Amino acid sequence: MLHGVRGYGLLLSLSFLLSISLLLFAVPAHAQLGNSGSIEGVVKDQSGASVPGAKVEITNPVSHFHREATTDNDGNFRFTNVPFNPYHLVVTAPGFGSITQDVDVRSTVPVNLPVALKVGSAASTTVTVEANGGDLIENESTFHTDVDQGLIDRLPLESQSSSVTSLVTLVSPGVAADSNGNMHGLGDHAQNSFSVDGQQITDQTSKVFSNQIPADSIQSLEVISGAPPAEFGDKTSLVIKVTTKSGLGVTKPTGTIYSSYGSFGTVNAGFDLAYGNQKWGNFISANGLRSGRFLDPPEFTAIHDKGNQENIFDRIDYQISQKDTLHGNFQYTRSWFQTPNTFDNLAQFNGNPAGSTDERSKIGTFNIAPVWTRLISSSAVFTLGAFVRRDQYNYYPSPNPLADFGPINAETIAQDRNLTNAGLRSDISYVKGIHNIKAGATYQHTFLNENDSLGIVDPNLLPTTTNPDGTNCFEATTGVAQPGSPCATLLPFDLTRPGGALFAFRGHADVKEISLYVQDTITKNNWSFNLGIRGDMYRGLSSANQAEPRLGIAYNIKPSNTVLRISYARTLETPFNENLIISSRGCNVDVIAALIPCVPASAPAGFRNEFHAGLQQAFGKYLVVDAEYIWKYTHNAFDFSILGNTPVTFPIVWHNSKIPGWLLRASVPNFHGFSALVVMSSVAARYFPPQVGGLGVTVGQSGSVFRIDHDEKFNQTTHLQYQPWSRGPWLGFNWRYDSGLVAGAVPFATDTTTPVDLTVLTADQQLQAGIFCGNQFPTLTSPLTSCAPSQLGATRVSIPAAGTENDDHNPPRVAPRHLFDLAVGHDNLFHGDRYKWSLRFTVVNLTNQEVLYNFLSTFSGTHFVSPRSESVELGFHF
């Protein structure tokens, strides 16, 4: 133990020395935040005189990123906040011939370009630059997807309150769509992280856990699906690098005011404003949302599903001197929403004298992240940042706790939980010759507080509770519990019996982590090597140290416009922080242990070895295809389970998991106003018992391998976009196909003769799944009780044929679904120059399919995809 403490102190010292010792010999330049760089230079003529008023453009043909600037009186130009990518740069000026060259932005170190124009004819100053096949590919070893504002603004999205994760689900291959903005990247349960301007956020961001960064604040995204570089750790199945909008260099106030109205009484209104000059800039956005279908409900018709959300985001950039710049990101988001009911939760159907269930939640999130950047030399940039992020989550039971009783609720619960993540990060970037080096350190401290109040509301729970030997421990007629039994432990907290009161669980924990890394991208001729090493020291409710090598190799076959790549990563898999205390310490609490099976151990950290192999191929100048094969082996693989039948979900750990799969993305750059993006994937999520951490679950305890409930055989998204002329209307169209996640407790036939017992499902659950028996269908008041195997079927779940069910190779699944979305709009209705009006009409689930995301999922229950919904948005731009 003493050795671990000394090692921890040594890493702290190294982190401090790395942050301080690099501040030497600065030169004039402008550094950028962690996910973006800058391009600057001087335009001169052949005599060396400056050329003012020259037009400078940069463009990426795949992401459609485009920016323009005009040189000042001294011929200077500058582009800031440029996402890491290759670009075309074109310079034109009256009386001169145009200059075109390629620029690669891969670091916060500024790219400095001297440009010399030659005298030419006036005709040559108008240039249209088109990409060729070589411009569509990147000689990189890491598979990733770039998304710019042009796609973000025109992609029809199902969820407005979780629009960022909805966007990532549609545009990045390997992502299984789930309800309420949750997404499962590459076979893992929500093992995703966001890097917002260099600040890594690894906590969950679905709208039942936290509030996401508002989409209004995002300039561009890069979604890393390949082996993560050494700078990224913890949750790395998907790394979403976010570059936020900035007001730096925006010399005229520029922004948007908008409002929309749509189905379910959904109202959304907001504004954004960017303004500054060459030394300072500010970008601010704010919006508010109200909807009658805030969460994805367990019924096709939303019942008790109102919610609202308010966002404010502010980014400040200030150049203190020619070598020092301050940046600051500030965000606050509040959401309040009801927990959607099923028909089983309504008094008119369940006969509960306490009334219908009325549970609600409130989440408050704030984030503050100041950053200082300093130019050490023309080749090196130093960054020092701090951050503090807090999620405050409150869950409120029904005013009458007994109203919470239902088929999926045997307990009522109130929760007051908060998670505060604070820390420091520092890095240095050095670019010289064939090397692009980055080294850094991060220290973070997460404060966890969980306050839960729980009571039993099911009068039949105690009579059905047994001793470890299987004997009953409660006599219902007398109300007497056997001394020393689980029933005796639970009886004081049974609200259905005299004297019952709420049980209080209180917990606090500190999670500390130090990370050090160094990486180098070496580019030599057609080769690209990405070499890195990362070290993590994790100290939470469990402890772990891990050295994590990273390696990637790419080779560009230029004659055929082909890039071949392979990569490897070793990663430390840390426990989820949400409800981690009750998951890790619940076995030590008699009441919790009596409600749910226990594994008497804190959730241990895991480790992963992952391998990737892929290629990128351009076909002419209008199509590029990117394909990847992945294989991930994880020892101590994380998932989520649920406390009894409450809404409290918590992390658990399985012995190991094996996740193989393939990904494919095809892009059509702009071709006469038409562009297309197709992503598809097949990823298997195979988990192996026993459970080695967290509270118990019922799935997979038999000892055989099983498919986790976010396993999906195949999914694909096709997005088509068309704008016949640049100042005209546009159209965006989505087709999403999902083969279906693994379902929960679906009844199936074990052989061809034994009738299937359907009483394991309530009438409402049978209706949710679309269960039928021949020509017999259930109603809310008349459930089916049994069915011959040859007659059993379902419309919303896929039931294995009699005798063929296998938890690994043929589990029950949600039925396949095809969803179509459409957006039509005009960005400049009245053809204004300074002031513009926009109008947009969006339809989600165009064919109004009644389909499920999941059914009785161990993690989240049952949820329907949104019915057909329409919205109209009017915007004013200046």
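Rules of the game
Residues numbered from 1 in each chain as written. Predicted model: local features only at pLDDT ≥ 70, side-chain atom pairs only at ≥ 80, totals over all residues. Heavy atoms only, no water. Helix = DSSP H or I, 4+ residues; strand = E, 2+ residues; numbered from the N terminus. Contact = heavy atoms within 4.5 Å. Patch = residues over 30% accessible without salt bridge, like charges linked within 9 Å, V, L, I, M, F, W, Y side chains within 5 Å. Areas by Shrake-Rupley, 256 points an atom, 1.4 Å probe, with all protein chains shown as cover. Salt bridge = Lys/Arg side-chain N within 4 Å of Asp/Glu carboxyl O. Buried < 20%, exposed > 50% of the residue type's maximum accessible area, 1.4 Å probe, protein only. pLDDT = per-residue confidence, 0-100. 1 Å grid on protein atoms, 1.4 Å probe; cavity = no way out; pocket = protein on both sides within 12 Å on 5 of 7 lines; lining within 4 Å. Points joined across faces, edges and corners; volume = space filled by probe spheres on them. Nonpolar A, V, L, I, M, F, W, Y, C, P; charged D, E, K, R; others polar. Core = buried A, V, L, I, M, F, W, Y, C linked by side-chain atoms within 4.5 Å. Pairing = 2+ DSSP bridges. Axes fitted to C-alpha atoms, helices over the stretch in contact; angles between N-to-C directions. Phe/Tyr/Trp six-rings, centres within 6.5 Å; stacked < 30°, edge-to-face > 60°. Polar contact = N/O pair within 3.5 Å; in protein donor to acceptor, adjacent residues only side chain to side chain. Disulfide = S-S within 2.5 Å.

What follows deals with the side chain of Ser-141. Considering the arrangement of structural elements, one finds Ser-141 in the loop between strand E7 (111–116) and strand E8 (144–148). Leave out the neighbours within four places in its chain, and Ser-141 touches Asn-530, Gly-552, Ile-553, Ala-554, Arg-565, Ile-566 and Ser-567.

Now for a nonpolar patch on the surface. There is a patch of nonpolar side chains on the surface, built from Leu-829, Phe-830, Trp-837, Leu-839, Phe-841, Val-872 and Leu-874 and spanning about 630 Å² of accessible area. Every element with two or more residues in the nonpolar patch is listed here: strand E45 (836–844) and strand E48 (869–877). In terms of residue count, the dominant contributor to the nonpolar patch is E45 (three residues). Along the chain, the position of Phe-830 falls in the loop between strand E44 (817–826) and E45. The exposed category is assigned to Phe-830, whose relative accessible area is 63%.

When the pLDDT values of the protein are averaged, the result is 90; 93% of them are 70 or greater. In the model, residues 1–29 has pLDDT below 50 throughout and makes 51 contacts with residues more than four positions away in sequence or in other chains. Segment residues 122–129: pLDDT under 50, and 13 contacts once partners within four positions in sequence are set aside and those in other chains are kept.

This paragraph deals with empty space enclosed by the protein. Counted under the stated rule, the structure contains 14 cavities of 30 Å³ or more. What the largest cavity holds in volume is close to 380 Å³. Along the walls of the largest cavity sit 32 residues, with Val-62, Ser-63, Asp-146, Arg-665 and Ser-667 positioned nearest its centre. Of all the elements in the fold, those that place two or more residues in the lining of the largest cavity are E8, helix H2 (149–152), strand E31 (623–642), strand E32 (649–671), strand E33 (674–683) and strand E36 (712–722). For the lining of the largest cavity, the element with the highest residue contribution is E8, accounting for five residues. Partitioning the lining of the largest cavity into residue classes produces 12 nonpolar, 12 polar and eight charged.

In this structure, Leu-448, Leu-461, Leu-490, Phe-503, Ile-592 and Tyr-687 are the most contacted members of the largest nonpolar core, which totals 56 residues. With 27 residues, the next largest nonpolar core counts Val-147, Leu-157, Ile-201 and Phe-283 among its residues.

A word on the sheet that holds strand E1 (residues 36–44). Taken in spatial order, the three strands line up as E4-E1-E7 in an open sheet, and their pairing is mixed. In the strand order of this sheet, the two ends are held by strand E4 (76–83) and E7, each with one partner. Strand after strand, the sheet turns through a mean of 20° between neighbouring axes, direction not considered. As paired strands, E1 and E4 are joined by six bridges and run antiparallel to one another. Bridging from a neighbouring strand, Ser-36 pairs with Pro-83 of E4.

Let us look at the pairing of E1. When you tally the buried positions in E1, you get seven out of nine residues, the bulk of the element. Pairing of E1 with E7, which is carried by six bridges, proceeds in the parallel orientation. Note on E7: the bridge partner recorded for Val-43 is Val-115.

Turning next to the pairing of strand E6 (residues 99–105). When a strand is regular, its side chains alternate between the sheet's two faces. Here seven bridges tie strand E5 (residues 85–92) to E6, and the two strands are oriented antiparallel to one another. Within E6, the residue paired with Val-90 across the bridge is Thr-100. Where E5 hands over to E6, the hairpin turn is made up of six residues, of which Gly-95 adopts a positive phi near 85°.

By secondary structure assignment, the location of Gln-791 is in the loop between strand E40 (786–787) and strand E41 (792–794). Judged by its relative accessible area of 39%, Gln-791 is partly exposed. As for Gln-791 and Gln-776, which are separated by 15 residues in sequence, their C-alpha atoms are 9.4 Å apart. Sequence-distant contacts of Gln-791, defined by excluding residues within four places in its chain, comprise Phe-772, Cys-773 and Gly-774.

Looking now at the packing of aromatic side chains. Summed over all chains, the structure comprises 27 aromatic pairs. Ring geometry for Tyr-687 and Phe-706: centres 6.4 Å apart, planes at 40°, overall tilted. Of the two residues, Tyr-687 sits in strand E34 (residues 686–693) while Phe-706 sits in strand E35 (residues 706–707), which places them 19 residues apart along the sequence. Pair check on accessibility: Tyr-687 and Phe-706 agree, each one buried. Among the aromatic residues, ring-to-ring pairing joins Phe-209, Phe-576, Phe-638 and Phe-640 into one connected group.

Secondary-structure assignment places Arg-585 in helix H6 (residues 580–585). Overall, the relative accessible area of 34% leaves Arg-585 in the partly exposed class. Measuring from C-alpha to C-alpha, the distance between Arg-585 and Ala-605 comes to 16 Å, with 20 residues separating the pair along the chain. Excluding residues within four positions of it along the chain, Arg-585 makes contact with His-508, Ala-509 and Leu-541. Reaching out from Arg-585, the side chain makes a polar contact with the backbone oxygen of His-508 at a distance of 3.1 Å.

Moving on: the state of the cysteines. Tallied over the full model, the rule gives two disulfides. The side chain of Cys-473 participates in a disulfide bridge whose partner is Cys-487; the two sulfur atoms lie 2.0 Å from each other. Between Cys-473 and Cys-487, the S-S dihedral sits near 65°, and the bridge is therefore right-handed. Within this pair, whereas Cys-473 is found in the loop between strand E23 (435–456) and strand E24 (474–475), its partner Cys-487 is found in helix H5 (residues 486–490), the two being separated by 14 residues in sequence. Judged on exposure class, the residue Cys-473 and its partner Cys-487 are both buried.

The next thing to look at is the pattern of salt bridges. Side chains carrying opposite charge are able to pair once their charged atoms draw close together. Scanning the entire structure with this criterion turns up 33 salt bridges. A salt bridge links Asp-738 to Arg-817, with the shortest nitrogen-to-oxygen separation between them at 3.6 Å. Of this pair, Asp-738 sits in strand E37 (residues 729–738) while Arg-817 sits in strand E44; the two residues are 79 residues apart in sequence, bridging distant segments of the chain. The class for Asp-738 is buried, based on a relative accessible area of 1%. On the accessibility criterion, Arg-817 (2% relative accessible area) is buried. Across the salt bridge formed by Arg-796 and Glu-850, the nearest N and O atoms sit 3.0 Å from each other.

What follows deals with the sheet that holds strand E13 (residues 218–224). Spatially, the five strands line up as an open sheet ordered E8-E13-E14-E11-E12, and their pairing is mixed. Looking at which strands have only one partner, the edges of the open sheet turn out to be E8 and strand E12 (199–201). Shown here is a sheet whose adjacent strand axes are inclined to one another by a mean of 20°, direction ignored. Relative to E13, E8 runs antiparallel, the two sharing five bridges.

Relative to the helices and strands, Ser-426 is located in strand E22 (residues 411–432). Note on Ser-426: relative accessible area 2%, which makes it buried. Polar side-chain contacts of Ser-426 include one of 3.2 Å to the backbone oxygen of Thr-383.

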